[in-house]
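Examination of the molecular architecture
Here's the letter readout for the chains.
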Amino acid sequence: MPLTLPPPAGAHDPVTPEGHQEPVTPEHRASGPPSQAQPLLRQEAKGEEEEGEETGVQGAWGTATAEPGWRVWGKAAEAAAAEEGQVEARGAAAAGSGSPAGGAGGGRGSWRRLLAWLRRPPQCCPCAAPLPRSAAHCCHGGTKMAALAYNLGKREINHYFSVRSAKVLALVAVLLLAACHLASRRYRGNDSCEYLLSSGRFLGEKVWQPHSCMMHKYKISEAKNCLVDKHIAFIGDSRIRQLFYSFVKIINPQFKEEGNKHGNIPFEDKISSVKVDFLWHPEVNGSMKQCIKVWTEDSVAKPHVIIAGAATWSIKIHNGSNEALSQYKMNITSIAPLLEKLAKTSDVYWVLQDPVYEDLLSENRKMITNEKIDAYNEAAVSILNSSTRNSKSNVKMFSVSKLIAQETITESLDGLHLPESSRETSAMILMNVYCNKILKPVDGSCCQPRPPLTLIQKLAACFFTLSIIGYLIFYIIHRNTHRKNKPCTDLESGEEKKNIINTSVSPLEILLQSFCKLGLIMAYFYMCDRANLFMKENKFYTHSTFFIPIIYILVLGVFYNENTKETKVLNREQTDEWKGWMQLVILIYHISGASTFLPVYMHIRVLVAAYLFQTGYGHFSYFWIKGDFGIHRVCQVLFRLNFLVVVLCIVMDRPYQFYYFVPLVTVWFMVIYVTLALWPQIIQKKANGNCFWHFGLLLKLAFLLLCICFLAYSQGAFEKIFSLWPLSKCFELKGNVYEWWFRWRLDRYTYSIWASSCKNKAECNELHPSVSVVQILAFILIRNIPGYARSVYSSFFAWFGKISLELFICQYHIWLAADTRGILVLIPGNPMLNIIVSTFIFVCVAHEISQITNDLAQIIIPKDNSSLLKRLACIAAFFCGLLILSSIQDKSRH
C-alpha cells in the first residue's frame, strides 16, 4: 500500500467541520497566518533554497536549516507591519532575505515585525465560516504568537552565533587553555609520577583516579612480563606487610596470607623469575639501618625496587612520648643517606603513615592518634627531602595511601589496618609507577614520557610547517595586490571608481589554505593525545552519565525541526537525521564508558550496524539510479572516507586498522561497487532485462554470499589473505589481523532482532550478525509510515549527520583520550564545564575537517580522466614511499 502525505498544516480549520471547508485561494494564503501562507511561498522560494544549498549558505546548524520558515513568516510579518506603517520598505526587504546577511539589520527589525504582527487585528481561517470575535482570537492568536516568536528566536541565534563565529571562539579557547596548561606544567612540574604518588580522588566506591593522568589495571600476564628477573623488597611494619600481600596477589592471586606475621615472608615466581620479599622491621632503628646498608655494599643482592616505612610501632611501644619522636628523627636522619645512595640505581619509596580510625582502636593502641601520625610523617618528609643539598631527593614519597585511607579507614576492622580494597589500590599504584614506563599501556598515562617523534611524524611536521609558511606568503602577496587595486575616488564626480579585479580563488590558494588549517588542527590533535600537555582521566560509568545526556539531545532534536524537500522513504534529510542522532548516542556511549553495561553495549551494536546499512544503501541507491561506475566516483568516495584517517595514521603514529570503522566502510563500499559493476550490471535501466540477465544476477549474488560465509567462518583463510603484504600494513593491529576479522565478522550482516537471551559479550557478539534486518526495517517503517513523519526532519540531528564520519574519527584523540580509553581534561576540577568546553571545540574541529576534506577532494580528484590518472599515479607513489618508511621504522623499533 503506497504511503500518502497528509494534508499540509492549516488545511483543516480546528473549529469548522471538514464538510464546510472552502478552497484556499492564493490571495487568502498571502494574507493569512503563517500556517497558511507557508505552502505557496515555500514553492516560490524553492529555487532560492536549492541555490543556497549548493553554495553552502549556513545557519547555526549548517546548510539551509532554518531558512525556509523564516522566508515565509518573515514576509508575512512584513506585510502585516507594512499595512500599519510600522516597518519601512528597506527593513522589510532586508528581513525577507533567506541568507544570514539578510538579517544584518539586527534583532530590532525582527522584533518590530513580531510586535506589528501581534498588533494586527486577528483573522480567522479564510476557509472557515464567519466566527465571533472571541472565536477568531482563539483560532489564531496564541498559535500565531508562538510560531512567530519561535522562528524569530531561531533567526536571532543564526544571526549572532554562526558556525564561523563558533570556530573563532573555539580557536581562542584552545590557545588560552594551552597557555594555561603550559604555565601550570612549568610551575607545578611535568612529572605525572608525582601526581600518581601524591594526589587523586575516588570516582565511586573503589575506582581511584589520579590527578591529571590515567592508571592502568594490570593483569597477571602483564605484571609478570614487567617484573621478569626483578627483585622487589618491602621493609617495615604490619601495614607494609599488608601492602606486600596485595602486590604479590597481582602476580599470583592464589597466594595466601600465611606464615609468621612478625617475621620475613618470601615470594618467588620461578617461571618469570620474579622475587618479592617482605622484611620485618617495624621500627626505624639500627636493625633497619643495617639491612639497608648491606644493600648499598652488595650490588648483587640489591633489590630493583624498595618500599619502606614504619612509625606506629614506635608510637605504641613508647606510649606516644616526645622522646620517641626525637629518636625517630635521629634514626631516619641516619638512614637517609643510605636510601639516597640506593635511589641512584634502584627505585626507592618511603610510605607515609596512614591515618587511623581512633574509635575502633583497641586499648593497647589508643596512644596511636592521627596527631602523632602527622608529626611522624612531617619529620620523615622534611628529613628525606633535605638529604641532598643541591638537588631534588631521589627517594620518592608514597603519600597517596594517606588520601585513600582517609576515604576508607572507617571500613577498617581494627581501626589501624586498611580494608583490602584500599590496599589493592595502593599496590596497583606501585605497579603503575614502575611498569608504565616499561610496558607503556595505552590507558596508563601516568609515569609515561612523551613518545619520541618518528621519522614519518617529523616529515609530516615539516610538510605542514611549509604549508603554513607558503599560505602566509601567498596571503601577504594577495593582500598587497588587493590594496594596489583598491577603489579610488573621482574628484570631479565624488564617486568611487572600482577597478575590475578577478576575485576567483585559485586552486593553489585553496590547497595551501586547507593544508594550513589542517596543520594547525593536527597540532591540536598531537597536543591532546601525544604531547602530555593536557590532562587525561579514566572513564567511570553510571546510568545517569549515559541516559541524562541522551534526554538532553532528544529535546534539542525535537526543538529544531524543519520540513523536508521531498517525502520519499529514506530521503536525504531523513538519512542525515538518522546518522546524526545515532552518532550522538555513540559519542555519549564512548565518553560515559557504557560498554561495561551489556544492554547498552548491544543497543550500540544495533546503531553501528544501522550506520553500515545506511552507508551501503546510499551507495547502492546511487549506482542503481545513476549507473555511474566511473573511476571519478570511486576515487571521490574513497578520498572522503579515508583522507582524515590517513593523516591521523601519520601524525598520531597509529595503524590504519586502529580506526576500524573506516576500513570496514571502505571494504564494504568496494564490495558493493564490484558486485554492481561486474556483469551483469545491477542498475535500474536493466531491471526489466531478459531471463539470462536475471540468471547471471542470481549467480553473482550467490557467489558473493558464499564468499562472505566462507571468510566469516574460516578464520585461518581470512587471516592468511589479509596477512599478505601490503594488506597487512593496512589491517594489522598489535601484530595480527584478529581485530579486523572480529570487526568484519561482527557486522557482515546488518543487525536486527534484539538479542535479549544473551548473557555476556561473547554470546551477544555471536548472536549479533546472525539475526538480521527486523530492527532496522522496523525503524524505517515506523519513521516513514505516517505521512507527517516523512515530511519533517530534525535539522539539529541532520547537521550532525552531515559530519558524522568526522565526529566518529576525531573523538579518538580530541574528545576522548589515550586512544578512546580515557577522557580529555581541558578544565580540571570541574567535570561538567570540561565536557561542555571540550565538546564545543571537538564539534567545531570536526566540522572544519569536513569542509577541508570536501575542498581538497575537488582539487585532488578532478573530473578530467587524464588529470585524474596523473593524480592517482602521484598518490600511489606517495603510499609506496609511506610503506617503505613504515617498514624502516618497524625494523628500527625491533
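**Brief notes about the overall build of the protein**
- For the protein, the count of helices and strands is 35 helices and 17 strands.
- Expressed as a percentage of its 894 residues, the buried residues of the protein come to 48%.
- A separation threshold of at least 6 residues defines the contact pool for the protein, and within that pool the share at least 24 residues apart is 75%.
- As displayed, the protein has an accessible area near 45,000 Å², and 62% of this comes from carbon and sulfur atoms.

**Brief notes about the packing of aromatic side chains**
- Scanning all chains against the criterion turns up 47 aromatic pairs.
- For the pair Phe559 and Tyr560, a centre-to-centre distance of 4.9 Å together with 80 degrees between the ring planes defines the contact as edge-to-face.
- Phe559 sits in the partly exposed class, given a relative accessible area of 38%.
- A centroid spacing of 6.2 Å and a plane angle of 80 degrees characterise the contact between Tyr660 and Phe808, whose relative ring orientation is edge-to-face. Of this pair, Tyr660 sits in the loop between α23 (631-651) and α24 (661-677) while Phe808 sits in helix α33 (residues 804-814), and the two are 148 residues apart along the sequence.
- Overall, Phe808 belongs to the buried group, its relative accessible area being 5%.
- Each member of the aromatic cluster is reached from another via a ring pair, and the members are Phe234, Phe244, Tyr245, Phe247, Phe255, Phe267, Phe278, Trp280 and Trp313.
- In this structure, Lys579 is placed above the aromatic ring of Tyr611, and the distance from its NZ or CZ to the ring centre is 5.9 Å.
- Lying over the aromatic face of Phe658, Arg654 brings its terminal NZ or CZ to 5.9 Å of the ring centre.

**What to know about the sheet that holds strand β5 (residues 231-236)**
- Taken in spatial order, the six strands make up an open sheet running β6-β7-β5-β8-β9-β10, and their pairing is mixed. Each having just a single partner strand, β6 (265-269) and β10 (396-398) make up the two edges of the open sheet. Taken pair by pair, the neighbouring strands of this sheet meet at an average axis angle of 15 degrees, ignoring direction.
- Note: β6 against strand β7 (residues 274-280), five bridges, orientation antiparallel. Residue Pro266 lies in a different strand from β7, and its bridge partner there is Asp277.
- Packing against the sheet, helix α11 (residues 238-251) makes contact with β5, β6, β7, β8 (305-309) and β9 (347-351), and its axis sits at approximately 165 degrees to β7.

**Focus: unusual backbone geometry**
- In this model, Trp679 is joined to Pro680 through a cis peptide bond whose omega is -5 degrees.
- Relative to the assigned elements, Pro680 resides in the loop between α24 and α25 (691-713).
- A positive phi angle, close to 60 degrees, is found at Asp229, a residue other than glycine.
- Its identity is not glycine, yet Lys440 carries a phi of approximately 50 degrees, on the positive side.
- With respect to the secondary-structure elements, Lys440 resides in the loop between α17 (420-439) and α18 (455-484).
- Here Lys440 falls in the partly exposed class, since its relative accessible area comes to 47%.

**What about a nonpolar patch on the surface?**
- There is a patch of nonpolar side chains on the surface, built from Leu466, Ile469, Ile473 and Ile477 and spanning about 400 Å² of accessible area.
- Take Ile469: it is sitting in helix α18.
- Of the residues examined, Ile469 reaches a relative accessible area of 43% and is grouped as partly exposed.

**Comments concerning the nonpolar core**
- Ranked by internal contacts, the top residues of the largest apolar core, which has 119 residues, are Met522, Tyr524, Phe525, Phe534, Tyr659, Phe661 and Ile841.
- Sequence-distant contacts of Ile841, defined by excluding residues within four places in its chain, comprise Ala170, Ala173, Val174, Leu177, Tyr524 and Leu826.
- Cys213, Phe247, Ile250 and Met428 belong to the second-largest nonpolar core, a separate cluster that totals 45 residues.

**So, the sheet that holds strand β16 (residues 816-817)**
- Taken together, three strands build an open sheet; the order of strands is β13-β17-β16 and the sheet is antiparallel. Two strands bound the open sheet, and with one partner strand each, they are β13 (535-538) and β16.
- With two bridges joining them, β16 and strand β17 (residues 822-825) adopt antiparallel strand pairing. Bridging from a neighbouring strand, Ala817 pairs with Gly822 of β17.

**Describing the environment of Ile841**
- Relative to the helices and strands, Ile841 resides in helix α34 (residues 831-860).
- The buried category is assigned to Ile841, whose relative accessible area is 1%.
- Residues Ile841 and Ala166, spaced 675 residues apart in sequence, show a C-alpha to C-alpha distance of 8.8 Å.

**Side note on the side chain of Gln636**
- On the secondary structure map, Gln636 appears in helix α23.
- Residue Gln636 is classed as buried on the basis of its relative accessible area, which comes to 9%.

**Looking at the pairing of β5**
- Burial of β5 is extensive: six of the six residues sit out of reach of the surface.
- Burial along β5 is two-sided: His231, Ala233 and Ile235 facing one way and Ile232, Phe234 and Gly236 facing the other are all buried.
- Here five bridges tie β5 to β8, and the two strands are oriented parallel to one another. The residue bridging Gly236 from the neighbouring strand is Gly309, located in β8.

**A few points about the state of the cysteines**
- According to the stated counting rule, one finds three disulfides in the structure shown.
- The partner cysteine of Cys193 in its disulfide is Cys447, sulfur to sulfur 1.9 Å. Residue Cys193 is located in helix α9 (residues 192-198), and its partner Cys447 is located in the loop between α17 and α18; the two are separated by 254 residues in the primary sequence. Across this residue pair, the class does not change: Cys193 and Cys447 are buried.
- Shown here is the disulfide that connects Cys213 with Cys446, its sulfur atoms set 1.9 Å apart. Of note, the bridge from Cys213 to Cys446 carries an S-S torsion of about 90 degrees and is right-handed in sense. With Cys213 in the loop between β4 (208-210) and α10 (220-226) and Cys446 in the loop between α17 and α18, the pair connects residues that are 233 residues apart, well separated along the chain. Considered together, Cys213 and Cys446 belong to a single accessibility category, that of buried residues.

Parameters at a glance
- Per chain, residues are indexed from 1 in the order of the written sequence.
- For a predicted model such as this one, the threshold for reporting local features is a pLDDT of at least 70, and the threshold for listing and counting side-chain atom pairs is 80 or more; totals across whole chains, interfaces and linings nevertheless cover every residue.
- Note that water and hydrogens are dropped before the side-chain values are worked out from all heavy atoms of the structure.
- Only DSSP runs of H or I reaching four residues or more are called helices, and only runs of E reaching two or more are called strands; each is numbered from the N terminus.
- Buried, partly exposed and exposed residues are distinguished by accessible area as a fraction of the type maximum, computed with a 1.4 Å probe on protein chains only: under 20%, between the cut-offs, and over 50%, respectively.
- Contacts: residue pairs with any heavy atoms within 4.5 Å of one another.
- Per-residue accessibility takes into account occlusion by the displayed protein chains alone, with areas from the Shrake-Rupley method and a 1.4 Å probe.
- Classification of ring pairs uses Phe, Tyr and Trp, with its six-membered ring standing for Trp, and accepts pairs whose centres are within 6.5 Å; under 30 degrees between planes counts as stacked, over 60 as edge-to-face, and the remaining range as tilted.
- Any Lys NZ or Arg CZ found within 6 Å of a ring centre and within 35 degrees of that ring's normal is scored as a charge over the ring.
- Here a strand pair is declared whenever DSSP counts at least two bridges between the two strands.
- Here an axis means a line fitted to C-alpha atoms, over the contact stretch when the element is a helix, while the angle between two N-to-C directions is reported on a 0 to 180 degree scale.
- The patches reported here contain residues having more than 30% relative accessible area and no salt bridge. Joining distances are 9 Å for like charges and 5 Å for nonpolar side chains (Val, Leu, Ile, Met, Phe, Trp, Tyr).
- Note on definitions: salt bridges are taken to be side-chain nitrogens of Lys or Arg within 4 Å of carboxyl oxygens of Asp or Glu.
- Residues grouped as a nonpolar core are buried Ala, Val, Leu, Ile, Met, Phe, Trp, Tyr and Cys residues, joined through side-chain atoms within 4.5 Å.
- In this description, a disulfide is simply a cysteine sulfur pair whose atoms lie within 2.5 Å.

Treat this as a map of the structure, not an account of what it does.
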